[in-house]
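Working through the structure, step by step
Residue-level listing of the chains:
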Amino acid sequence: MHKMTGRFGAVFQRIGLIIAFIMMGALAHAQSFSFSNIAIEGNQRISDGAILRFAEIGTGQAVSTAGLNDAGQRIRESGLFETVTLTPSGSTLLITVAEYPTINRINIEGNSRLRDDQLLQLVQSETRRVYTPSQAEIDTAAITQAYAQQGRINAVVTPRIIPLSDNRVDLVFEVVESGVTEIERISFIGNRTFSERRLRRVLDTKQAGPLRALITRDTYSSERVNGDRELLTDFYQSRGYPDFQVQNVDVALTRERDAYLVTYNVQEGQKFTFGNVNIRSEIPGVNAEEFRNALRVRRGVTYSPVPIEDDVSRVEILATRMGLSFVQVDPRITRNDRDLTLDLEYVLVPGDRVFVERIDIEGNSTTLDRVIRNQFRSVEGDPFNPREIRESAQRIRALGFFANADVNAREGTTPDQVIVDVDVEEGPTGTLSFGGNYSSDDGFGLLASYGQTNLRGRGQEVNFEISTGEDSRLFSFNFKEPQLLGRDLSFGLSLGYATTDNDDADYDTERGRISPSLSFQASENGRLAVFYAYEYTDLFDVDDDVSVIIQNEAEDDAVSNHAVGYSYTYDTRRSGLNPNAGIVLRFGQEFGFGDTEFIQTTALVGAETKVWNEELTLRATLEGGHLNYTEGNSRVTDRFFMGSSVMRGFDPGGIGPRDADTDDALGGNSFAVARLEAEFPLGLPSEYGISGGVFLDHGSVWDVGETYDANVIYNDFTTRTVAGVSIFWDTPIGPLRFNFSEPIDVQDEDEVNQFDVTISTSF
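Here we summarise the structure given alongside this text. (Residues numbered from 1 in each chain as written. Predicted model: local features only at pLDDT ≥ 70, side-chain atom pairs only at ≥ 80, totals over all residues. Heavy atoms only, no water.)

1. Regarding the packing of aromatic side chains
Following the criterion strictly, the structure yields 17 aromatic pairs and no others. Here Y236 and F244 contribute two aromatic rings whose centre-to-centre distance is 4.1 Å and whose plane-to-plane angle is 5 degrees, an arrangement assigned as stacked. An aromatic cluster is built from F194, F235, Y236, Y241 and F244, whose rings are joined through pairwise contacts. When the ring centre of F695 is taken as reference, the NZ or CZ atom of R648 above it lies at 4.2 Å. Its end group placed over the ring of Y714, R720 keeps NZ or CZ at 5.1 Å from the ring centre. (Phe/Tyr/Trp six-rings, centres within 6.5 Å; stacked < 30°, edge-to-face > 60°. Lys NZ or Arg CZ within 6 Å of the ring centre and 35° of its normal.)

Written as structure tokens, this is what we have:
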């Protein structure tokens, strides 16, 4: 019983103490102060009035203990003081503060991969402002993130302060950069149609390879990965997979935290082709059949959203030309899962009656407004077409003048008007290089070049180049105005001067040419150019033992000719319905008059397609030319020669008509060559950029014209055939190609070259 009483007594004693403490706290909380005087100590820069405003306490004001605590917290939250103490003493409240120091200077130390100016732009702390640890931590995180974006996720940034007199400090961010955390492997889950190697080529992000010192895309960037998701989606959809999805992207670090492993989980879906394609109108008085010829999509073609967009654009442009405003095309797709087709119906619908109020352009410190405005097909007062605005934005970005370009539309001063905002950020547009080049045809050479794609902000292009080889010199100048008189009419001017003075050659040459030209879009995929040219050629220092043909041609001294001509190019390799196939056609003629009269005709037809799930690329090209003189004769400086860029496996001038007595290559007035080629992977990692190929060339050059009774061999159409293998290497300094040739059908006097490579670099 006594034990029980003792236990209950102890419990009641503890409860009593707890109640007493609670009552004392309540009394303390309820205690009220009223101060007739408030004293402030420790402040040097911050005025008493500012501190009192932070505290929100006035003389004669009743304030509790909790109110004093809140006042101290408000002073601390100003971020100006390291310590704050409030001490009541009778009728006086003493506020004691210790101010944070001011920043005298901000430095970055230990950095080499990122420059000081790059990092200081991220720092929000400012000199002659108060130093706060919280802001320094925010700045530290920003610098660390900048290194993470460069792939250096293990970089360590430490903020330190160096005390100075007068309560000042130097703020120093000490950086330990660490190595690059590369992407060790990119893999895919769920891909059945295309191999990992093929899909890696789609991505902008690359795996780390042997050229990691030159390739910066092997570092991880979340922004780049998001862009790669879009690239994968576009790739699959343009190849007939409308249901393709990137379900998620797994990004993991290796155990050593020195590399990333990126895995794309994809769902391909089924491959679809277009079924029935139709067009109809929901606008009274508008006959849809008038627009049917503008459609390019046909039944049986692999589905892709790109040709649909092109058809919509063509129909809307045609409607505008017919005087029909506010006509929009709504492409409607019906799925047929049974036969995996998509029926497509273009429906003409009335659009909103909205007009372009104005186009505002900002950020173009160099580029003139008119250069940007020329990319719009709409002007102020025209009907507003969202598709046209999107296409204009694409054209602005395609100029290559801007590091960033955003085009957005917003409501204008009235609901039926919109304002188009164009925000651009200027980028570099000029290049100046000094370098060297080598080709198996011309040997080593030095070059200096200057190029500008946006001359004085006018959108004009200019290129200037001087090169010297072992036995040649070349000067060229080219100028281009892409929007002559504000129209889709391009004006060009080219100047060229070249000389050869081979020490071991039988003759030297000199040539100059000036040619202005105009070109314009002739069709959706075709472009037509017309030009005038003046050309000067000279053939001199001819040795006595050279071919009698060349001796007679040199007697004409310098030859001056005028010429007019045209060239037409049709190319669907980038804009056709099939992303894996395309054709190119080039045809041109030049009509010369002056010291001589001639017609020169050149033509090229090429086709390219990808097969075997796009692992194998097949190319076929047929190229030829004919030079017909109606007055005078062609000279060795005018005729066609077969270089390695035209037909592989031979030295320059290695095939064609020759003087049997002197072995001089004479060139021909006609040439024709067929080139067949296949390119395929070699099983090496895609980041190496190395692939293989095989080729077969079959062609000839013939007909020197006037022979002057010389003994000319191979003057008729005598074909040669060469086969070989190629190594393609896509390097950061440019694509390299190594050709190993084997003659199959050649003539005895031909000069073969079983290996050639072209290397071009600047440094």
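2. As for the sheet that holds strand β14 (residues 341-350)
Read from one edge of the open sheet, three strands run β12-β14-β13, paired in mixed fashion. Bordering the open sheet on either side are β12 (273-281) and β13 (327-336), each of which pairs with just one other strand. Adjacent strand axes in the sheet meet at a mean angle of 20 degrees when their direction is disregarded. As paired strands, β12 and β14 are joined by seven bridges and run parallel to one another. The residue bridging S281 from the neighbouring strand is L348, located in β14. (Pairing = 2+ DSSP bridges. Helix = DSSP H or I, 4+ residues; strand = E, 2+ residues; numbered from the N terminus. Axes fitted to C-alpha atoms, helices over the stretch in contact; angles between N-to-C directions.)

3. Examining the pattern of salt bridges
Note that side chains of opposite charge can pair when their charged atoms are close. Using the criterion set out here, one finds 44 salt bridges in the structure. Three or more residues are tied together by salt bridges with common partners; here these are E608, K610, R619, R648, E677, E679, D697 and R737. (Salt bridge = Lys/Arg side-chain N within 4 Å of Asp/Glu carboxyl O.)

4. Focus: the sheet that holds strand β16 (residues 402-411)
An order of β15-β17-β16 is seen for the three strands of this open sheet, with the pairing classed as mixed. Where the open sheet ends on each side, the last strands, each with one partner, are β15 (355-362) and β16. Taken over all neighbouring pairs, the strand axes of this sheet differ in orientation by 15 degrees on average, direction set aside. Both β16 and strand β17 (residues 417-426) contribute to a ladder of nine bridges, which runs antiparallel.

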